[in-house]
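One-letter residues, chain by chain:
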Amino acid sequence: WLGFGIIALAIFLLIVGITAFSQGHTPSGGMDMIDPKKVNETAPFDNPGVTKIDDDTYQVAIIAMAFGYNPSKIEVPVGKEIIFKATSTDVVHSFTIDNTTVNMMVVPGRIATKSYTFDKPGNYLILCNEYCGVGHHMMFTEIEVV
Ligand code: CUA
């Protein structure tokens, strides 16, 4: 039985290892790189906020920093694909939209990307759920879906 246990463990680790490499799993989930000192001059973060890509697609560039988000006010249309791109200029934060599947870890030096389509208008709470310092509990804002 011990041999069976060891073989089962080996197979499990092999599967985890192979899928991690083949699907590019990383702690931050396959993100693009960015120089955290040059965020303000690197597209799309040189122009933070909402950009219309085409009739059905919008992109939102967000810079997270202690203890807030730039831009602090975001308004996007309902029923369209919204591509969120977020990065941090200082420490690890998160970009989490309450009641949605948007929950990104925002790491300095990386660009986190998540696509989401809101099916109901309203105000949604954006918050940071990674402890980032003394102001962590004050790091939140809203997104307005119209
Ligand atoms: Cu930013 Cu917690």
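Residues numbered from 1 in each chain as written. Predicted model: local features only at pLDDT ≥ 70, side-chain atom pairs only at ≥ 80, totals over all residues. Heavy atoms only, no water.

Student: An account of the overall build of the protein is requested, with residue identities and associated values reported.
Tutor: Assigned secondary structure in the protein consists of 1 helix and 11 strands. Listed N to C, the secondary structure of the protein is α-β-β-β-β-β-β-β-β-β-β-β in terms of helices and strands. A compact globule built from 146 residues would reach a C-alpha radius of gyration of about 15 Å, whereas the protein, at 18 Å, exceeds it by more than 25%. If you line up the protein on its principal axes, its C-alpha atoms span 60 × 35 × 30 Å. Across the 146 residues in the protein, those meeting the buried criterion constitute 37%. Taking contacts inside the protein between residues at least 6 apart in sequence as the whole, the part at least 24 apart equals 58%. Here the protein displays about 8,600 Å² of accessible surface, and carbon together with sulfur accounts for 60% of that area. Computed over 9 positive and 15 negative side-chain charges, the separation of the two mean positions in the protein equals 3 Å. (Helix = DSSP H or I, 4+ residues; strand = E, 2+ residues; numbered from the N terminus. Rg over C-alpha atoms; globule rule 2.2 N^0.38 Å. Buried < 20%, exposed > 50% of the residue type's maximum accessible area, 1.4 Å probe, protein only. Contact = heavy atoms within 4.5 Å. Areas by Shrake-Rupley, 256 points an atom, 1.4 Å probe, with all protein chains shown as cover. Lys, Arg positive; Asp, Glu negative; His and termini not counted. Charge placed at Lys NZ, Arg CZ, Asp CG, Glu CD.)

Student: Tell me about a nonpolar patch on the surface, residues and numbers included.
Tutor: Side chains of Leu9, Phe12, Leu13 and Val16 sit close together on the surface and give an oily, nonpolar patch of about 390 Å² of accessible area. Here Leu9 shows up in helix H1 (residues 2–22). (Patch = residues over 30% accessible without salt bridge, like charges linked within 9 Å, V, L, I, M, F, W, Y side chains within 5 Å. Salt bridge = Lys/Arg side-chain N within 4 Å of Asp/Glu carboxyl O.)

Student: How would you sum up the packing of aromatic side chains? Please name residues and give values.
Tutor: Across all of its chains, the model carries 6 aromatic pairs by this definition. Seen from their ring centres, Tyr69 and Phe95 are 5.7 Å apart, and the 85° between their planes marks the pair as edge-to-face. Taken together, the residues Tyr69 in strand S4 (residues 68–70) and Phe95 in strand S7 (residues 93–97) connect sequence positions 26 residues apart. Both residues of the pair, Tyr69 and Phe95, belong to the buried class. (Phe/Tyr/Trp six-rings, centres within 6.5 Å; stacked < 30°, edge-to-face > 60°.)

Student: Got a sec to walk through the side chain of Thr100? Specific residues and values, please.
Tutor: If you trace the backbone, Thr100 turns up in the loop between S7 and strand S8 (103–106). The exposure class assigned to Thr100 is buried, which follows from its relative accessible area of 18%. Separated by 3.0 Å, the side chain of Thr100 and the backbone nitrogen of Val102 make a polar contact. When sequence neighbours within four positions are dropped, the list of residues in contact with Thr100 reads Tyr116, Phe118 and Tyr124. (Polar contact = N/O pair within 3.5 Å; in protein donor to acceptor, adjacent residues only side chain to side chain.)

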